[in-house]
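An overview of the molecular structure
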Amino acid sequence: MKFGMRTPSIKKSIKARTTGKAKRAVKKALIPGYGKNVQDGLRIQRKQLTIRFIRRRALAL
């Protein structure tokens with residue numbers, strides 16, 4: 001086990017940055033909805049539909 005001060009490696013930090021950026025770019029190109037909160041959008045649409053249904057029903061009564 002190491003003891004003492006942490007010695008940051010410039011090589012590793014650059015690799016970590018570029019690898020993550022490249023992976024995200026590939027996923028964004030291949031997977032539709034990657035990086036977007038798709039589930040939240042579906043939930044909002046469902047909520048809008050229920051509100052619309054309730055309003056129409058209330059007007060009919």
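The rules behind each value
Residues numbered from 1 in each chain as written. Predicted model: local features only at pLDDT ≥ 70, side-chain atom pairs only at ≥ 80, totals over all residues. Heavy atoms only, no water. Helix = DSSP H or I, 4+ residues; strand = E, 2+ residues; numbered from the N terminus. Buried < 20%, exposed > 50% of the residue type's maximum accessible area, 1.4 Å probe, protein only. Areas by Shrake-Rupley, 256 points an atom, 1.4 Å probe, with all protein chains shown as cover. Patch = residues over 30% accessible without salt bridge, like charges linked within 9 Å, V, L, I, M, F, W, Y side chains within 5 Å. Salt bridge = Lys/Arg side-chain N within 4 Å of Asp/Glu carboxyl O. Expected span 1.5 Å × (residues − 1).

1. Details of the overall build of the protein chain
A count of helical and extended segments in the protein chain gives two helices and zero strands. Considering the protein chain as a whole, with its 61 residues, one finds that 2% of them fall into the buried category. Counting every atom, the protein chain has about 6,700 Å² of accessible surface; 62% of that belongs to carbon and sulfur.

2. Structural notes on a nonpolar patch on the surface
A contiguous nonpolar surface patch, about 380 Å² in accessible area, is contributed by Val26, Leu30, Ile31 and Tyr34. Within the fold, Val26 resides in helix H1 (residues 10-30). When its relative accessible area of 46% is taken as the criterion, Val26 is described as partly exposed.

3. Thoughts on H1
In this model H1 runs 31 Å from its N-terminal to its C-terminal C-alpha over 21 residues, within 8% of the 30 Å that 1.5 Å per residue would give. The buried fraction of H1 is low, at one of 21 residues.

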